[in-house]
Amino acid sequence: MDDSLARNKALLRILEDMVAASERAEAWVSKDSDLDPESSRLMTDMNKGDRDSIEMIVVWLKGLTVDLPITVSSPNGGRTWNLSIDDAGKANLESSDQDMLSAMAYMLFDGPEPGPDNDMANKLLGQGLPDRLKRDIAGS
């Protein structure tokens, strides 16, 4: 990633913190949670799916050559993050980058739900879900 992409770098640090938190959660589930084996397996699978999604976003972010039209802020010292997207700047991105940005905003920053034609959101949101639940969601 180019050093001049300051907004992307700030976002990357936040995403890397999210990956680290997911790794800590996985360790807790496997060692300290006292969950029954089936619940532990499901929690581990879902957590891994979330982490895989974040890691896919990180790879995408590192490959960008333009700074995203975003601002990230935290009202509570980094416990939670807000992501604001400049709509005019977003319109200048490639459509695949627009889809990824919308999916990321929804999944990780409580942004608006992307439309059903956002293939990237559909792919990322399905990560880590048990197969039967994926089929049930797809059929609804």
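The structure this text deals with has already been given above.
If you're wondering where the values come from, they're calculated on a predicted model, not measured in any experiment.

K.L.:
Which parts of the structure should I look at to understand helix α2 (residues 37–63)?
P.N.:
Since the α-helix packs 3.6 residues into each turn, any two residues three or four apart lie on the same face. In this model α2 runs 39 Å from its N-terminal to its C-terminal C-alpha over 27 residues, within 8% of the 39 Å that 1.5 Å per residue would give. All of the buried residues along α2 are S40, N47, G49, R51, S53, I54, I57, V58, W60 and L61. Here the buried face of α2 lies against α1 (6–31), α4 (95–109) and α5 (119–125). Looking at where α2 begins, the residue whose side-chain oxygen comes 3.2 Å from the main-chain nitrogen of E38 is D36.

K.L.:
Would you take a moment to explain the side chain of K90 for this structure?
P.N.:
Summarising the element assignment, K90 is placed in helix α3 (residues 87–91). Lacking a salt bridge, the buried K90 has D87 as its closest oppositely charged neighbour, with an N-O distance of 5.6 Å. Once you skip the residues sitting within four places of it in the chain, K90 turns out to touch P69, I85, Q98, L101 and S102.

K.L.:
Even after reading the chapter, I still don't get the pattern of salt bridges, so can you show me in this structure?
P.N.:
Where charged atoms from two side chains of opposite charge approach closely, those side chains can pair. With the rule as written, the count across this model stands at five salt bridges. With a shortest N-O distance of 2.4 Å, R51 and E26 are connected by a salt bridge. Of the two residues, R51 sits in helix α2 while E26 sits in helix α1, which places them 25 residues apart along the sequence. Between K48 and D52 there is a salt bridge, with the nearest N and O atoms lying 3.0 Å from each other. With K48 and D52 both in helix α2 and four residues apart, the pair spans about one turn of that helix. The partly exposed category is assigned to D52, whose relative accessible area is 23%. Each member of the salt-bridge network shares a partner with another, and the members are E38, R41 and D45.

K.L.:
Got a minute to help me understand the packing of α2 against α4 in this structure?
P.N.:
Angle between the axes and distance between the axes are the two parameters that describe a pair of packed helices. For the pair α2 and α4, the least separation of the axes is 11 Å and the interaxial angle reads 140°. When the interaxial angle is binned, α2 and α4 end up oblique. At the point where α2 passes α4, the crossing takes the left-handed sense. Mapping the contact onto sequence places S53, I54, M56, I57 and W60 in α2 and D97, M100, L101, M104, M107 and L108 in α4. Taken together, the residues of the contact of α2 with α4 break down into nine nonpolar, one polar and one charged.

Procedures and definitions
Residues numbered from 1 in each chain as written. Predicted model: local features only at pLDDT ≥ 70, side-chain atom pairs only at ≥ 80, totals over all residues. Heavy atoms only, no water. Helix = DSSP H or I, 4+ residues; strand = E, 2+ residues; numbered from the N terminus. Expected span 1.5 Å × (residues − 1). Buried < 20%, exposed > 50% of the residue type's maximum accessible area, 1.4 Å probe, protein only. Contact = heavy atoms within 4.5 Å. Polar contact = N/O pair within 3.5 Å; in protein donor to acceptor, adjacent residues only side chain to side chain. Lys, Arg positive; Asp, Glu negative; His and termini not counted. Salt bridge = Lys/Arg side-chain N within 4 Å of Asp/Glu carboxyl O. Axes fitted to C-alpha atoms, helices over the stretch in contact; angles between N-to-C directions. Parallel < 35°, antiparallel > 145°, perpendicular 65-115°, else oblique. Left-handed = near helix turned anticlockwise from the far one by under 90°. Nonpolar A, V, L, I, M, F, W, Y, C, P; charged D, E, K, R; others polar.

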